[in-house]
Amino acid sequence: MNRYIQSLTEEKQLVPGLISLIEQGSDILRGKTLLFVALLCKNSRRWLPQFFCNAKLLSAVDRLGKEKDGFIHQCTVAFVQLVALLVPGILDTVSSDIQQVMGGKRHGPITALTGRAHPKSTIHLFPVILHLLGSVSFNHRVVTSQVLLQLANLTKILETPFQARDDFQMILLRVLEAAMEESSVILMEHKIFTSRFLLSLFILYKGNKDCDARFLCLKILSDVMIVIFSDSSLTPDEQTLADLKTISHKYFLPLYPSFAEDEDPIPMYAQKLLVMLVEHDCVKVSDILNEATVSQCFDFLLGDLSNANVSNVKLCFALASAPDMDSSFLSQLQVVRRIGTLVEFVTAKDMDGFLEPTLELCRAFIICGIGSSRSTALTKEHALLVDSAFNMSIAVDQQSCIMDICDLGGSMGIFLEVVGNSDPHISDLASDCVVLLLKAAPREATMGLLTNLPKLSALLDSLKHGVSLQLTRLLYSLAFSCRQYLAQGMILSISVPALMRVEALVSAFKGSHDSCLADAASYLGAELQRLPCCG
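Only a predicted model underlies this, so the values are computations on that prediction, with no experimental measurement involved. (Residues numbered from 1 in each chain as written. Predicted model: local features only at pLDDT ≥ 70, side-chain atom pairs only at ≥ 80, totals over all residues. Heavy atoms only, no water.)

Trainee: For a negative patch on the surface, give the residues involved together with the corresponding values.
Mentor: There is a patch of like negative charges on the surface, built from Asp350, Asp352, Glu356 and Asp423. By the secondary structure assignment, Asp423 is in the loop between helix 24 (412-419) and helix 25 (424-440). (Patch = residues over 30% accessible without salt bridge, like charges linked within 9 Å, V, L, I, M, F, W, Y side chains within 5 Å. Areas by Shrake-Rupley, 256 points an atom, 1.4 Å probe, with all protein chains shown as cover. Salt bridge = Lys/Arg side-chain N within 4 Å of Asp/Glu carboxyl O. Lys, Arg positive; Asp, Glu negative; His and termini not counted. Charge placed at Lys NZ, Arg CZ, Asp CG, Glu CD. Helix = DSSP H or I, 4+ residues; strand = E, 2+ residues; numbered from the N terminus.)

In structure tokens form, the structure reads like this:
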């Protein structure tokens, strides 16, 4: 039998002929040809690359896999099952070959490249697995617990250098990437990933000279962790969380400076993963509060903002809001003006996913100049904005504020625009920024508010039937600005028509059933009467 099968290898038209029958033959011929191909590959693996590295065959099988019943359906199922069963044997052979090479390296001369014991004799089978994983018919059949464990063992072997490792690692990493494409695989077998794969991938990244290999290592790491943390149906057990925390501290954090300085897009993936680890308490912000890391995180603000991603902004917010963050270091970064520009950029481009973290970043910077306890009090009790004793307590700490926070005063118009956002949370954040900025940079914020009085009057009018919280904040903000305008002897061109519209709205608000809003309107009304143009 083997002699007859061997003679088939000399028939050059056999493979294209069989594929043509599968594509175009009758149902009977298609079914029998599928079974013949499967048995041929089972008899000798030499046929596998010829058939399964051929896109035509896999495409035809995927089409036939849509058949729900009948002879062709039964043949296709049998074909897929039979071929999928060959994968564990292929992986065992590859693993055995590599271990023989490594054993030869330690105990004797290395086998010739063409020898049976060299992985290049079986490495040509690995693309077969990669193509099978790309097929709808085969993917879920190939990726089993057994295959994942075998791939984990092969990844472990890669931690130690051996001859031809560079060639082999790229194929293995692509196979891993394809095997994990379905998030359900990661969720069902998450313990294998956290206890086996992640550790090996970090070790493989470290010291690897191949940029593509380093990227795939980090991408797979990132994909696995993000799926585990993001799926609401999976609550990681204590051991899984312990494994993730240990890996994060032992491998991720020491390698983070290397990730940040590596070739694109590695820094982006590393930052996205860092944000995820911080959000799930696997890494504490205090673990990364060193000048080099903080500077790297804020560098994106100094470049083209169109290249920014949400992870950049979230990470900067986490750093700026950390209790242990030194505000003097944030001041040295000199990025406040660029943060204001970022708010303007994401608003103009309707980048809704960016707006909330960007406003939170602004708010965190402003709070650094006021103090978290005072900021919390001011957010809850807006009338404190015009409380003289409260203002005196803030002035005591002005030495520790961010020196360029006044640059945000030029963004007051954008904050007012965002207060009108239909999302209540976004509107709340923006109005809070307005109030807090007036305390952190009174002069500059007052100038920004009063020069945008037409925009403010239109905003007050649009909010008059909405949430009173934002209205109350805006009324106290304008009252504070009127007081500042007189106390500082500011020379500003104030729009009289806009001021008159505000006065009319304030009169209406005084009769509000909301006592806080009515009090704010009464206070603002008194301040407006003190202005020269209203007296």
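The structure having been displayed, the exposition proceeds.
Trainee: Break down the nonpolar core for me, with residues and values.
Mentor: Core analysis: the largest hydrophobic core is formed by 196 residues, its most contacted members being Phe51, Phe52, Phe298 and Phe365. Here the element with the most residues in this core is helix 14 (residues 211-230); it accounts for 13 residues. (Core = buried A, V, L, I, M, F, W, Y, C linked by side-chain atoms within 4.5 Å. Buried < 20%, exposed > 50% of the residue type's maximum accessible area, 1.4 Å probe, protein only.)

Trainee: Describe the domain arrangement of the chain, with residues and values.
Mentor: Domain annotation for the chain reports domain 1 (1-100 + 123-141), domain 2 (143-283) and domain 3 (287-534). Taking only C-alpha atoms, the centre of domain 1 and the centre of domain 2 are 31 Å apart. Each partner contributes residues to the interface: domain 1 has 17 residues there, and domain 2 has 18 residues. Regarding the contact of domain 1 and domain 2, the summed buried area is about 1500 Å², with carbon and sulfur atoms giving 79% of it. Here domain 1 and domain 2 share zero salt bridges between them. Where domain 1 packs against domain 2, one counts three residue pairs in polar contact (both at pLDDT 80 or more). Put simply, the parts of the chain that give the side of domain 1 that touches domain 2 at least two residues each are helix 7 (86-107), helix 8 (126-133) and helix 9 (136-142). In terms of residues, the side of domain 1 that touches domain 2 owes the most to one element, helix 7, which gives eight residues. (Domains from an automatic or database assignment. Contact = heavy atoms within 4.5 Å. Buried area = accessible area lost by both parts, 1.4 Å probe. Polar contact = N/O pair within 3.5 Å; in protein donor to acceptor, adjacent residues only side chain to side chain.)

Trainee: Give a detailed account of helix 18 (residues 310-320), specifying residues and quantitative values.
Mentor: Because each turn of an α-helix spans 3.6 residues, side chains separated by three or four positions end up pointing in the same direction. Among the 11 residues in helix 18, eight count as buried, and that is most of the element. For helix 18, the set of buried residues is Ser311, Asn312, Val313, Leu315, Cys316, Ala318, Leu319 and Ala320. Each element contacted by the buried residues of helix 18 is listed here: helix 15 (238-261), helix 16 (266-279), helix 17 (291-298), helix 19 (327-333), helix 20 (336-348) and helix 21 (352-368). With a side-chain oxygen lying 3.0 Å from the backbone nitrogen of Ser311, the N-terminal cap of helix 18 falls on Asn309.

Trainee: Hey, could you go over the state of the cysteines for me, with residue numbers and the actual values?
Mentor: Following the criterion strictly, the structure yields zero disulfides and no others. A disulfide-free cysteine, Cys362 has its sulfur positioned 5.6 Å from the sulfur of Cys433, the nearest such atom. (Disulfide = S-S within 2.5 Å.)

Trainee: Just give me the short version of the pattern of salt bridges, but keep the residues and values in it.
Mentor: One pass over the full model with this rule turns up 10 salt bridges. The partner of Asp262 in a salt bridge is Arg214, with the nearest N and O atoms 2.8 Å apart. With Asp262 in the loop between helix 15 and helix 16 and Arg214 in helix 14, this residue pair connects regions lying 48 residues apart in the sequence. Residue Asp262 shares its accessibility class with Arg214, and that shared class is buried. For Arg530, the salt bridge is made with Glu527, and the minimal N-O distance between the two is 3.0 Å. With Arg530 and Glu527 both in helix 30 (residues 515-530) and three residues apart, this pair spans about one turn of that helix. Accessibility expressed as a relative area gives 48% for Arg530, which makes it partly exposed. Several salt bridges share partner residues, and in doing so they unite Glu177, Lys219 and Asp223 into one network.

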